[in-house]
Structure formats: structure tokens, C-alpha cells
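# Residue-level structural notes
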Amino acid sequence: MTDVHTPVIRTDIPHSARIWNYWMGGKDHYEIDKIAGDAGLAVDPDISTMAVQSRQFLIRAVRFLARERGIRQFLDIGTGLPTMQNTHEVAQGVTPDARIVYVDNDPLVLTHARALLTSTTPEGVTTYIDADFHDPERIVADARNVLNFNEPIAVMFMGVLGHAKTYDDLLRIVRTVLGEVPSGSHLIMWDGTDDSQAYVTLCENYTGTGGTPYIPRTQAQIRAVFDGLEMADPGFVSITQWRPEGVEVGEVLPISAYGAVARKP
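What counts, and where the lines are drawn
- Residue numbers here run from 1 along each chain, matching the order of that chain's written sequence.
- The predicted origin of the model limits local features to residues at a pLDDT of at least 70 and limits the giving and counting of side-chain atom pairs to 80 or more, whereas totals for whole chains, interfaces and linings rest on all residues.
- Each side-chain value is derived from all of the structure's non-hydrogen atoms; neither hydrogens nor water enter the calculation.
- Interaxial angle, 0 to 180 degrees, is taken between N-to-C directions of lines fitted to C-alpha atoms, where a helix line uses only the stretch in contact.
- Only DSSP runs of H or I reaching four residues or more are called helices, and only runs of E reaching two or more are called strands; each is numbered from the N terminus.
- Any angle that falls under 35 degrees is termed roughly parallel, while one over 145 is termed roughly antiparallel, one within 65 to 115 roughly perpendicular, and all others oblique.
- For any pair of crossing helices, the crossing counts as left-handed if the nearer helix is rotated counterclockwise from the farther one by less than a right angle, and right-handed if it is rotated clockwise.
- In this analysis, two residues are considered to be in contact whenever any of their non-hydrogen atoms come within 4.5 Å of each other.
- Residue type decides the class: Asp, Glu, Lys and Arg count as charged, Ala, Val, Leu, Ile, Met, Phe, Trp, Tyr, Cys and Pro as nonpolar, and the leftover types, Gly among them, as polar.
- Any residue under 20% of the maximum accessible area for its type is buried, any over 50% is exposed, and the rest in between are partly exposed; the area is computed with a 1.4 Å probe on protein chains only.
- Strand pairing is defined by DSSP finding a minimum of two bridges between the two strands.
- Crossover handedness is defined here as right-handed if the route from the first strand over the helix to the second strand goes clockwise, with the strands pointing away from the viewer.
- Each aromatic pair joins two rings of Phe, Tyr and Trp (for Trp, the six-membered one) with centres within 6.5 Å, and gets the label stacked for planes under 30 degrees apart, edge-to-face for over 60, and tilted for any other angle.
- Distance and chemistry together define a polar contact, namely a pair of N or O atoms within 3.5 Å, with one atom able to donate a hydrogen and the other to accept it when in protein, and with adjacent residues in sequence counting only for side-chain atoms on both sides.
- Any carboxyl oxygen of Asp or Glu that lies within 4 Å of a side-chain nitrogen of Lys or Arg is treated as forming a salt bridge with it.
- For a helix, the expected span equals 1.5 Å multiplied by the residue count minus one.

In a packed pair of helices, the relevant descriptors are the angle between the two axes and the axis-to-axis distance. At a minimum axis separation of 9 Å, helix H7 (residues 136-143) and helix H8 (residues 167-178) run at an interaxial angle of 25°. The angle between H7 and H8 places the two elements in the roughly parallel class. The handedness of the crossing between H7 and H8 is right-handed. Across the interface between the two elements, Pro136, Glu137 and Val140 from H7 touch Arg172, Ile173, Thr176 and Val177 from H8. Split by residue class, the contact of H7 with H8 holds four nonpolar, one polar and two charged.

Following this line, the structure appears as C-alpha cells:
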């Protein structure tokens with residue numbers, strides 16, 4: 001499934017997946033990523049909240065689809081570095097026979113593929129495709145080796161589409177993949193929005209380090225990704241406000257990260 005090549009890991013240029021890992025409290029990053037991460041926190045102290053809350057949204061959304069919608073196949077595109085409660089752990093915790101395909105093109109993620117490839121149950125399947133999401137046709141072709149495209153699939157883009165080169169590319173990527181999955185499939189997607197000037201500045205500064213640009217877009221642009229799909233309640237909201245669990249004290253405050261879970265008719 002993976003390309004046969006020796007990964008080249010750049011330790012002199014910060015990488016968003018490794019910085020995100022640092023913000024989430026992980027250990028899979030380099031000094032350059034910590035420096036960039038600390039600089040980001042100085043500009044936007046809420047970014048660590050976004051990192052943690054994005055994983056909580058993933059957990060709730062995957063559990064919802066596995067438990068309430070009966071989804072047993074997940075295509076997680078732009079998975080990033082493994083941390084706690086990855087997609088396969090959540091899905092197979094509900095449905096042991098769940099099949100998960102992770103997709104990323106970061107060399108460090110590739111070196112951690114063995115961690116991702118370990119299913120938590122003997123019935124389940126977990127595998128990894130080394131591919132760039134700008135080539136969705138290739139992703140679909142490789143995923144067909146593992147997933148049954150005659151049965152519903154959850155397609156996931158978790159805070160990665162800001163790396164799409166243009167907004168048209170973003171729409172093309174999502175619509176190409178969704179065009180190949182059957183009725184009853186779902187899209188789980190969130191992305192950073194331009195509501196917070198601090199977050200916009202953080203992204204601009206990151207681009208200045210030589211990292212792959214990340215472009216915050218408007219809520220309306222991200223909402224449009226779900227056009228033609230049937231959103232699960234509560235619809236398109238800040239990820240902190242999507243089916244929060246447990247006892248909440250007071251209002252669940254929104255952050256500049258919006259998304260939804262939606263069904264393909």
C-alpha cells in the first residue's frame with residue numbers, strides 16, 4: 001500500500017503535523033517544531049485549545065457514526081501523527097470489525113505507520129496509504145484495496161484542508177472522494193476559520209517559516225463543502241459545540257474551528 005522509498009524528514013523546517021503534536025502534548029516533534037509551536041502560542045494562546053478540542057471532536061464524531069449510524073469503514077485523509085484515541089481505536093471500540101484507512105504524505109507519519117497499522121481487535125483492519133490529498137483519485141484507487149465501496153464509508157478531513165493550494169482545490173478534493181463513495185456514506189470535516197485575527201496571524205507566520213501554507217477560510221466557505229449532504233444535528237457549528245459530552249458548566253464557548261458530520265443521500 002505504501003510507496004517504496006526512504007522517507008526524508010526535514011528537521012530544519014517546522015511541520016504542521018509535528019507542531020500540532022506538540023500543542024496536543026505529544027512527543028513526536030523536533031526542536032524546530034517546538035520553537036514554531038511556542039511562537040504560535042505567543043501569537044494565539046487559544047491554538048492549544050483548538051488542538052485538544054479537535055481530537056475531542058474526532059472522538060465524538062467517529063463514535064457517533066459507529067454507534068448510531070452503523071458505519072464500519074473510515075477513510076481518514078490527512079491523519080497526522082498518532083496520539084491518543086486515534087480513529088481506529090475509537091471505531092473498533094464500538095464495532096470491532098471496523099476497517100480504517102489512514103492517508104498522509106508526511107515522512108514522519110510514515111515512520112509511525114506501524115503504530116497506526118495495529119488494529120485493536122483481531123476482526124478489524126487498519127492500514128496506511130502514503131499519498132498527497134491533492135491526488136484524491138490515487139487515494140480512492142488505493143483505498144479500494146481495503147474498503148468496500150459498495151458499503152457506506154466515513155470520509156474524514158480533520159483540520160487539514162487549509163493546506164489545499166486553492167479553495168477550488170479544496171472543493172475538488174472533497175467532491176472527488178465523495179463522488180466515489182455510495183449513498184449512506186458520511187463526511188466528517190472541520191477546518192480553521194478566519195474569525196480570529198490571532199489565528200490568521202499565526203498561520204501567516206507559519207508560512208513565513210517555510211512550512212506548507214495553511215489558509216484559514218470563512219465559515220461560509222467551509223459550510224459550502226457540505227452542500228448537497230444531510231447534516232446530523234446540531235449541523236454546522238464550532239467543533240466545541242458539536243454534541244459535547246459530559247456535564248458542561250455554563251456555555252460551551254465556540255472557537256475558530258468549524259465543521260459538521262453529514263450523510264450522502
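Additional details are given in the paragraphs that follow.
Moving on: the pairing of strand E1 (residues 73-77). For E1, the buried fraction is high: five of the five residues fall into the buried class. Here E1 shows two buried faces, one formed by Gln73, Leu75 and Ile77 and the other by Phe74 and Asp76. Bridge analysis of E1 against strand E2 (residues 99-104) gives five bridges, and the strand direction is parallel. When the sheet's bridge partners are listed, Ile77 is paired in E2 with Val103. Handedness of the crossover joining E1 and E2 through helix H4 (residues 87-94): right-handed.

Here the structure, examined in full by the defined rule, presents four aromatic pairs. Judged by centre distance (5.6 Å) and plane angle (80°), the rings of Phe64 and Trp242 are edge-to-face. On the criterion of sequence distance, the pair formed by Phe64 in helix H3 (residues 47-68) and Trp242 in the loop between strand E7 (237-238) and strand E8 (257-263) is long-range, its members being 178 residues apart. In terms of burial, Phe64 and Trp242 fall into one category: buried.

A few words on the pairing of strand E3 (residues 125-130). The buried count for E3 comes to five of six residues, which makes it a mostly enclosed element. By the bridge criterion, six bridges tie E2 to E3 in an arrangement that is parallel. Counted as the bridge partner of Asp104 is Asp130 from E3.

For the bond running from Asp233 to Pro234, omega is 10°, close enough to zero to count as cis. One can find Pro234 in the loop between strand E6 (230-231) and E7. Its identity is not glycine, yet Arg243 carries a phi of approximately 45°, on the positive side. Among the residues examined, Arg243 registers a relative accessible area of 31% and is labelled partly exposed.

Within the secondary structure, Asn148 sits in the loop between H7 and strand E4 (154-158). Given the relative accessible area of 35%, Asn148 is considered partly exposed. As for Asn148 and Leu202, which are separated by 54 residues in sequence, their C-alpha atoms are 40 Å apart. With residues near it in sequence (within four places) discarded, Asn148 still touches Gln73 and Ile153. Within the structure, Asn148 has its side chain in polar contact with the backbone nitrogen of Asn150 (distance 2.8 Å).

Time to look at the pattern of salt bridges. Any two side chains of opposite charge can pair if their charged atoms end up close together. Applying the stated criterion across every chain yields a total of eight salt bridges. When the shortest N-O distance is used, the salt bridge between Lys34 and Asp38 registers 3.0 Å. Of the two residues, Lys34 and Asp38 both sit in helix H2 (residues 31-43), four residues apart, roughly one turn of that helix. Here Arg223 ties to Asp227 by a salt bridge, and the two come within 3.6 Å at their closest N and O atoms.

Looking now at H3. Taking 1.5 Å per residue as the helical rise, H3 with its 22 residues ought to reach 32 Å, and the 31 Å between its terminal C-alpha atoms agrees with that figure. Once H3 ends, the next one or two residues include Gly70, with phi positive near 70°.

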